[in-house]
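Residue-level listing of the chains:
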Amino acid sequence: MSKIEVNEIAARSGSTVSLASGHTPSGFVPAGGILQTLHSESISEVSSTSTSYADTGFNLSITPSSTSSKILIYFEFGSYFFGSNASNEVGVAYKLVRDSTDIKAYEDNGAYTMKVERSASNYWETFRTSLTHLDSPSTTSAVNYKLQFARKIGGTATIKGVTKVILQEIAQ
């Protein structure tokens, strides 16, 4: 096998350097390619009756390799709602935070992500919930993404069961 060592490869004309068909350079990730994937999975429970946003304890950090990279954020968890009054509604809102900066609030016009209306007392509703967001942190320093939630109306909102967090760095 031959080896060529050079400091720079430049196109003879224009700005595109091509390889022969069917060949891919080692270590090269094209725009849109995944540079790294981090995953965390836990089984725990956190409840809230507060109308103010609070940390859930579900978070994951990533260190981007380039300031131009984007980070695809994915949280998946079980949303549980409980009310003890037959006419009680339970509403919850979720948001994503990068370090201490709010980056995405999942709220409709009523400030809810999800709202449950019931007609029975002591009633539970359960939903599997997925939240995604594409972020541009513009840094090569470690960033921490976390999930916050707030009970917006009635009863108790709970995140329960298996919670998954996936972060993917996407080349630009």
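Located above this text is the structure these notes cover.
Since this is a predicted model, take the numbers as computed values, not measurements.

Calculation rules
- Residues numbered from 1 in each chain as written.
- Predicted model: local features only at pLDDT ≥ 70, side-chain atom pairs only at ≥ 80, totals over all residues.
- Heavy atoms only, no water.
- Buried < 20%, exposed > 50% of the residue type's maximum accessible area, 1.4 Å probe, protein only.
- Helix = DSSP H or I, 4+ residues; strand = E, 2+ residues; numbered from the N terminus.
- Pairing = 2+ DSSP bridges.
- Patch = residues over 30% accessible without salt bridge, like charges linked within 9 Å, V, L, I, M, F, W, Y side chains within 5 Å.
- Areas by Shrake-Rupley, 256 points an atom, 1.4 Å probe, with all protein chains shown as cover.
- Salt bridge = Lys/Arg side-chain N within 4 Å of Asp/Glu carboxyl O.

A. Local environment of the pairing of strand β8 (residues 143-153). For β8, a buried count of nine out of 11 residues is recorded, marking the element as mostly surrounded by other parts of the structure. Sheet analysis places strand β2 (residues 54-62) next to β8, joined by six bridges and oriented antiparallel. Among the inter-strand pairings, Leu60 is bridged to a residue of β8, identified as Tyr145. As judged from the eight bridges shared by strand β4 (residues 89-98) and β8, these two strands associate in the antiparallel manner. Paired with Gly91 across the two strands is Ile153, which belongs to β8.

B. Structural detail: a nonpolar patch on the surface. Where nonpolar side chains cluster on the molecular surface, the patch consists of Ile4, Val6, Ile9 and Val17 and spans about 440 Å² of accessible area. Relative to the helices and strands, Ile9 is located in the segment before β1 (34-48).

What is shown is where atoms sit, not what they do.
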